[in-house]
Amino acid sequence: MKKIALILITAMAASLVSAESSLEQFNNKGYGTLSGRVQSLSMYRDYDNGNNAHATSLGIILKYVSPEIEGWSVGAAYNGAGVLNSMDYGNVNNPGNALVSNGRISVLNEGYLNYNMQALGLTNTTATAGRKINNAEIFRADDIRQKARSIMALQMESKDVENWRIAGGHAFEQSGILDTGDRWEFRDYGDVFGKGYDTDGVTWGETSYTGIEKLEVALFDAVAWDIANMIGTRIKYDVAEKTSILGYYRNEFDIGRAAGHSSDVLGLSLVQKVGKVRLEGGYFGVYGDTLEFNQLTTGFNHALGASLMIYTGQYAGGADTFYLKATTKLEETKTILYTLCNYTILNKGPMDNAMEFDFIAKQPIGENLTVCGKAGLGYRDAADTLATDVRLFLTYTF
């Protein structure tokens, strides 16, 4: 029944999209702005040990942002997705769950009240309360399935001081990026970090400075209460017109109810533009314990990027990862090509050494439709296992 309802809603949205003039007429009336997307996602994974699965989901996002009245505005975004076909479709509660995390979701992913402080003389400072996607130093959107990561928080951001961006706040709950179980729902951070007990959320602050020519510096601190305190810095220095050096450091230590956690991260990368290709290679090392703040929890803003499978275990304690990345855009067809290869040496833990290769090709068709294919290949030395990850996105935005 839910599947039928979702298909009907998606069909209605598609009908709305086909009548673009109607949507434009509403947006031009001054009542606010409507937008959204309809997306199908097909995934297949095979981990070379009998553990394989596939699932195809159909999802929709409906967004609304109100006009600003004396600095105040509201915004909302609904995310829904249903499973059209999957290897475990008989699992009526959660098809698409096994291995691929491409299942059912239904959530108000954003719902917030925003205040622009222009009336107070701050022309580029806002305060926000409620559910909102945050994509900066601490939290990352990582929209790699049917929804982006979102936080329920009180937060502020300011760019009123020249060359500075200053932001921070307190997050009470978070909805994740995996479309299985309850990970897509807004959950207490004790569940987000897998601790099995409730916490008081995450308090964070971050800033970046670009006032020195060729240099960008970011500083950040996040306290996940009763889990870990994380403090760090990210640096980019343009050595020449086409050459940059990227530096990264963060430290995690236990706080409150947590005990015994200690971890350091060191990253150093070189970026070189060769014609239309952007090449990047470097090192990413984790010293001490496995990271609490990583790609599967709050996200991770590092040059290494988002791995399709995290197959090498690059966030594990004692992991040394060496990587090479290349990106380019074909101007004639507007095709975006992306490759990432990383090799991880694990100095402790059961996974030993591993490598992963990811390839992405994204092709726009007209103004609203995009086709994106992703493929990942991973190998682990100790288990002598091979893993594959294939995804196909068909996305229509309106």
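Everything discussed here concerns the structure shown above.
Residues numbered from 1 in each chain as written. Predicted model: local features only at pLDDT ≥ 70, side-chain atom pairs only at ≥ 80, totals over all residues. Heavy atoms only, no water.

**Q** Sorry, what's going on with the overall build of the protein here?
**A** Per the secondary structure count, the protein includes three helices and 19 strands. Relative to the 2.2 N^0.38 estimate, which gives 21 Å for 398 residues, the radius of gyration of the protein is 22 Å and therefore close to what a compact globule would have. Residue burial in the protein is summarised as follows: out of 398 residues, 47% are buried. Here the analysis covers contacts within the protein between residues at least 6 apart in sequence; of these, 55% occur between residues at least 24 apart. Counting only carbon and sulfur atoms, one obtains 58% of the accessible surface of the protein, whose full area is about 18,700 Å². Charged side chains in the protein number 35 positive and 45 negative. The centres of these two groups are separated by 5 Å. (Helix = DSSP H or I, 4+ residues; strand = E, 2+ residues; numbered from the N terminus. Rg over C-alpha atoms; globule rule 2.2 N^0.38 Å. Buried < 20%, exposed > 50% of the residue type's maximum accessible area, 1.4 Å probe, protein only. Contact = heavy atoms within 4.5 Å. Areas by Shrake-Rupley, 256 points an atom, 1.4 Å probe, with all protein chains shown as cover. Lys, Arg positive; Asp, Glu negative; His and termini not counted. Charge placed at Lys NZ, Arg CZ, Asp CG, Glu CD.)

**Q** Is there a simple way to explain a nonpolar patch on the surface in this structure?
**A** Taken together, the side chains of Y237, V239, I245, L268 and L270 present a nonpolar region at the surface, about 450 Å² in accessible area. Among the secondary structure elements, those contributing two or more residues to the nonpolar patch are β11 (228–240) and β13 (262–274). Looking at the secondary structure, you find V239 in strand β11. (Patch = residues over 30% accessible without salt bridge, like charges linked within 9 Å, V, L, I, M, F, W, Y side chains within 5 Å. Salt bridge = Lys/Arg side-chain N within 4 Å of Asp/Glu carboxyl O.)

**Q** Where do I start with unusual backbone geometry in this structure?
**A** In this model, L99 sits at a positive phi of 70°, which is unusual for a non-glycine residue. Judged by its relative accessible area of 21%, L99 falls in the partly exposed class. Backbone geometry places S101, a non-glycine residue, at a positive phi of 50°. Tracing the backbone through its elements, the reader meets S101 in the loop between β3 (72–86) and β4 (105–116).

**Q** Please clarify how the pairing of strand β15 (residues 319–330) should be interpreted in this entry.
**A** Across a regular strand the side chains alternate sides, sitting on one face of the sheet and then on the other. The sheet contact formed by strand β14 (residues 277–288) and β15 spans nine bridges and is antiparallel. Each bridged residue has a counterpart across the sheet, and for L279 the counterpart in β15 is A326. With twelve bridges joining them, β15 and strand β16 (residues 335–346) adopt antiparallel strand pairing. Bridge pairing links D320 to I345 in β16. Hairpin connection from β15 to β16: four residues lie between these consecutive antiparallel strands, with K334 at a positive phi of about 60°. (Pairing = 2+ DSSP bridges.)

**Q** Would you mind showing me how to read the pairing of β3 here?
**A** Direction of pairing for strand β2 (residues 52–65) relative to β3: antiparallel, over a ladder of eleven bridges. In the sheet register, T56 faces β3, and the bridge partner there is N85. For β3 and β4, the ladder comprises ten bridges, and the chain directions are antiparallel. In the sheet register, W72 faces β4, and the bridge partner there is Y115.

**Q** Would you mind going over the packing of aromatic side chains with me for this structure?
**A** Each aromatic ring pair is summarised here by two numbers: the centre-to-centre distance and the angle between the ring planes. A full pass over the atoms with the stated rule returns 13 aromatic pairs. Here F193 and F293 contribute two aromatic rings whose centre-to-centre distance is 5.4 Å and whose plane-to-plane angle is 70°, an arrangement assigned as edge-to-face. Of the two residues, F193 sits in the loop between α3 (189–192) and β9 (202–209) while F293 sits in the loop between β14 and β15, which places them 100 residues apart along the sequence. The interplanar angle of 50° and the centroid separation of 5.3 Å between the aromatic rings of Y283 and F322 together place this pair among those described as tilted. Linking Y283 in strand β14 with F322 in strand β15, this pair joins segments that are 39 residues apart in sequence. Taking the relative accessible area as the measure of exposure, Y283 reaches 16% and is therefore buried. An aromatic cluster is defined as three or more aromatic residues linked by ring pairs; in this entry it consists of F220, Y248, F284, F300 and Y315. One Lys or Arg, K132, reaches over the ring of Y112 and ends 5.1 Å from the middle of that ring. (Phe/Tyr/Trp six-rings, centres within 6.5 Å; stacked < 30°, edge-to-face > 60°. Lys NZ or Arg CZ within 6 Å of the ring centre and 35° of its normal.)

**Q** What should I look at first to understand a negative patch on the surface in this one?
**A** Together, D48, D352, D381 and D384 make up a negatively charged patch on the protein surface. You can see D48 is positioned in the loop between β1 (33–46) and β2. Using a relative accessible area of 44% as the deciding quantity, one classes D48 as partly exposed.

**Q** How should the environment of G181 be read in this particular structure?
**A** Mapped onto the elements, G181 comes out in the loop between β7 (164–175) and β8 (186–188). When its relative accessible area of 45% is taken as the criterion, G181 is described as partly exposed. Through-space distance from the C-alpha of G181 to that of H302 is 28 Å; in sequence the pair is 121 residues apart.

**Q** In this structure, what is going on with the pattern of salt bridges? I would like to understand it.
**A** For side chains of opposite charge, pairing can occur when their charged atoms come near one another. Tallied over the full model, the rule gives twelve salt bridges. Of the charged contacts, one joins R234 and E137 as a salt bridge, the two residues approaching to 2.6 Å between their closest N and O atoms. Placement of R234 in strand β11 and of E137 in the loop between β5 (125–132) and β6 (150–158) is noted, with a sequence separation of 97 residues between them. Here R234 matches E137 in class, with each residue buried. Notably, a salt bridge pairs D389 with R391, separated by 2.9 Å at the nearest N-O pair.

**Q** In this structure, what is going on with the environment of E70? I would like to understand it.
**A** Considering the arrangement of structural elements, one finds E70 in the loop between β2 and β3. Considered as a pair, E70 and N116 are 46 residues apart in the sequence and their alpha carbons are 8.3 Å apart.

**Q** Could you clarify how one ought to interpret the side chain of H261 in this entry?
**A** In this fold, H261 is placed in the loop between β12 (243–253) and β13. Within the structure, the side chain of H261 is placed 2.8 Å from the side chain of E252, a separation counted as a polar contact. (Polar contact = N/O pair within 3.5 Å; in protein donor to acceptor, adjacent residues only side chain to side chain.)

**Q** Explain the state of the cysteines to me, please; I cannot follow it from the model alone.
**A** Using the criterion set out here, one finds zero disulfides in the structure. Unpaired in terms of disulfides, C341 finds its nearest cysteine sulfur in C372, a separation of 19 Å. The class of C372 is buried, set by a relative accessible area of 9%. (Disulfide = S-S within 2.5 Å.)

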